[in-house]
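Single-letter residue listing:
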Amino acid sequence: MKRLLPFAILCALLSPAVFAGRQRAVSQIPRLQRFGEPLPGLSPSLIERFQAGKVRFEQIETVESGLGPLFNSRGCGECHHAPAMGGGSERMVTRIGTMTNGKFDPLTQFGGSVLQVRTISVFDNVEHDFPVEVVPPEATIVTLRRSTPLFGLGLVEATPDATFVALAAAQVARGDGTAGRVHMVDNAAAGMQTMGKFGWKAQVPTLFQFSGDALLNESGITNPGFPDENCPSGNCAELQFNPRPGLNDTGSGVQALTDFQLVLAAPPRGAITADAAAGEEVFNTIGCNACHVSTLQTGSNSNPAFDRVTYHPYSDFLLHDMGPLGDGIEQGTATGREFRTAPLWGLRVVTALLHDARAKTIEAAIVAHDGQGSAARDGFNALSEADRAKLLAFLKSL
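Criteria and thresholds
- Residues numbered from 1 in each chain as written.
- Predicted model: local features only at pLDDT ≥ 70, side-chain atom pairs only at ≥ 80, totals over all residues.
- Heavy atoms only, no water.
- Phe/Tyr/Trp six-rings, centres within 6.5 Å; stacked < 30°, edge-to-face > 60°.
- Helix = DSSP H or I, 4+ residues; strand = E, 2+ residues; numbered from the N terminus.
- Buried < 20%, exposed > 50% of the residue type's maximum accessible area, 1.4 Å probe, protein only.
- Lys NZ or Arg CZ within 6 Å of the ring centre and 35° of its normal.
- Salt bridge = Lys/Arg side-chain N within 4 Å of Asp/Glu carboxyl O.
- Arc of directions from axis to C-beta.
- Contact = heavy atoms within 4.5 Å.
- Core = buried A, V, L, I, M, F, W, Y, C linked by side-chain atoms within 4.5 Å.
- 1 Å grid on protein atoms, 1.4 Å probe; cavity = no way out; pocket = protein on both sides within 12 Å on 5 of 7 lines; lining within 4 Å.
- Points joined across faces, edges and corners; volume = space filled by probe spheres on them.
- Nonpolar A, V, L, I, M, F, W, Y, C, P; charged D, E, K, R; others polar.
- Polar contact = N/O pair within 3.5 Å; in protein donor to acceptor, adjacent residues only side chain to side chain.
- Expected span 1.5 Å × (residues − 1).
- Pairing = 2+ DSSP bridges.

Q: Tell me about the packing of aromatic side chains, residues and numbers included.
A: Here the structure, examined in full by the defined rule, presents nine aromatic pairs. Seen in terms of ring centroids, Phe164 and Phe317 are 6.0 Å apart; in terms of plane orientation they differ by 80°. Their pairing is edge-to-face. Taken together, the residues Phe164 in helix H6 (residues 161-174) and Phe317 in the loop between strand E9 (310-311) and strand E10 (319-321) connect sequence positions 153 residues apart. Classification of Phe317 as buried rests on a relative accessible area of 1%. Taken together through their ring pairs, the aromatic side chains of Phe50, Phe57 and Phe260 make up a single cluster. If you follow Arg388 out to its NZ or CZ, it ends over the ring of Phe380, 4.2 Å from the centre.

So, in structure tokens, the structure goes:
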């Protein structure tokens, strides 16, 4: 109420007629959606949960809250903040592995496959000198992964698995060599395998599981879904010095993070100029839409904010073989050559592209496509200067 007080005082000073006139004028100004807002049409209770979840998302973890003993970030907001809380960033994590007897080995005995590169030893009340994790010589596969935006993912979660199964079948029937596949993964809450929709390899089925995984592997916060601390550099003897053993989060924090992400609105679309509209036709003509599907719809839902909502992620959320562009890391049944199609919504504010942020421009990211993306890449390379400009105008409007 304190934030509303100045406006309330102003209203009291205005005559009823003047105030009514100004109120009508304000109502005629279209309100532009901003990055990081909640979905429209939420009930007051859901908005309250969104706000509480945002506070938890922004929270800085401490040794007292269970941070570490090794970690990459002290809170979700360190990696997911651009251009607003819940977005992405150029913060990277390192993944490692090797091939042993023809099978992918995540090198957990050396701290893999996600390395934690920071330690709580820098805090005044932590006496033990925990060693940071480094890439061991046994790692023959080393890759970086950037932090991706979380906008609109509640809509993706609310889309039935059957939608993606049908989409994959339609791509197979198309017969052009670009068909993706559904990645079935273990869903801890459901007690069965369901479709993976989140993460670079579509290795996570729900935002709740995603939140618990991130709390442990990025901040060292144990929780009911992920109760076991990571052993520093694979040396579990180091855990005897952990100042906060046991369960660090009872599940309430995981739920709060999930609440925030579930109702985080999709990225707002930029201005659609004539060139941008024409550029989408070019996008479709050269085959980008084979994987970057423009439009999906959520299923039937008792919550109006999720009930048969049409949204535009420009992704099919399926795994595709990207050939040499793959990072070599296997997760679930996703091979080292496969990636989930990256959603393009919000592309205009992303400053580094591809899984390892190697591409600093949209053009560089397209040219790096390979495997099932090579036909679209070749189509891009063959475009006239005018058509290329239109395509880029379209992509920069997303």
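Q: Before we move on, can you summarise the pattern of salt bridges with the specific residues and values?
A: All told, the structure shown has 16 salt bridges when counted by the stated rule. A salt bridge links Arg181 to Glu338, with the nearest nitrogen and oxygen atoms 2.8 Å apart. With Arg181 in the loop between H6 and strand E6 (184-187) and Glu338 in strand E11 (residues 338-340), the pair connects residues that are 157 residues apart, well separated along the chain. A relative accessible area of 29% means that Arg181 is categorised as partly exposed. Among the residues examined, Glu338 registers a relative accessible area of 8% and is labelled buried. The partner of Asp327 in a salt bridge is Lys201, with the nearest N and O atoms 3.1 Å apart. Taken as a pair, Asp327 in the loop between E10 and E11 and Lys201 in the loop between strand E7 (192-195) and helix H7 (207-219) lie far apart in primary sequence, 126 residues in all.

Q: So what's going on with helix H11 (residues 374-381)? Which residues, and what values?
A: Within H11, the full set of buried residues consists of Ala376, Arg377, Gly379 and Phe380. Projected down its long axis, H11 shows its buried positions confined to an angular sector of 160°, all on one face. As for H11, its buried residues are in contact with helix H10 (362-367) and helix H12 (385-395).

Q: I'd like a rundown of the environment of Leu67, residues and numbers included.
A: Among the secondary structure elements, Leu67 is positioned in the loop between helix H3 (44-58) and strand E1 (70-71). Its relative accessible area of 1% is what places Leu67 among the buried residues. Measuring from C-alpha to C-alpha, the distance between Leu67 and Gln203 comes to 24 Å, with 136 residues separating the pair along the chain. What Leu67 contacts, discounting residues up to four positions off in sequence, is Glu61, Thr62, Ser73, Arg74, Ile120, Phe123, Ser219 and Ile221.

Q: With reference to specific residues and values, describe the nonpolar core.
A: Generally speaking, nonpolar side chains in soluble globular proteins are found buried as a group. Counting residues in hydrophobic clusters, the biggest one holds 40 residues, and the most contacted among them are Leu39, Phe57, Val156, Phe164, Phe306 and Tyr311. For this core, the elements supplying multiple residues, two or more each, are H3, helix H5 (153-157), H6, H7 and helix H8 (252-262). Grouped together as the second largest cluster of nonpolar side chains are 25 residues, Tyr314, Ile362, Ile366 and Ala376 included.

Q: Tell me about the layout of surface pockets, and name the residues and values.
A: The volume enclosed by the second largest pocket comes to roughly 350 Å³. What lines the second largest pocket is a set of 18 residues, and nearest its centre among them are Ala266, Pro267, Thr310, Tyr311 and His312. Of the residues assigned to the lining of the second largest pocket, the class counts are 13 nonpolar, four polar and one charged.

Q: Could you give me a rundown of the environment of Glu78, with the residues and numbers involved?
A: Within the element layout of this structure, Glu78 appears in helix H4 (residues 76-79). Dropping the residues within four chain positions of it, Glu78 is found in contact with Asn72, Ser73, Ser89, Arg91 and Arg118. Among the polar contacts listed, one links the side chain of Glu78 to the side chain of Arg118, at a separation of 3.0 Å.

Q: Can you lay out H6 for me, pointing to particular residues and giving the numbers?
A: Its 14 residues place the ends of H6 20 Å apart at the C-alpha level, agreeing with the 20 Å of an ideal helix rising 1.5 Å per residue. Looking only at H6, the buried set comprises Phe164, Leu167, Ala168 and Gln171. One side of H6 carries all its buried residues, which in axial view fall inside an arc of 100°. Across H6 from its buried face, at more than 90 degrees, point the exposed residues Ala162, Val172 and Ala173.

Q: With reference to specific residues and values, describe the pairing of strand E2 (residues 92-100).
A: Where E2 lies against strand E5 (residues 141-146), six bridges are found, and the strand directions are antiparallel. Counterpart to Val93 in the pairing with E5 is Arg145. Bridge analysis of E2 against strand E3 (residues 103-105) gives three bridges, and the strand direction is antiparallel. The residue bridging Thr100 from the neighbouring strand is Lys103, located in E3.

Remember, this is a structural readout, not a statement about activity or role.
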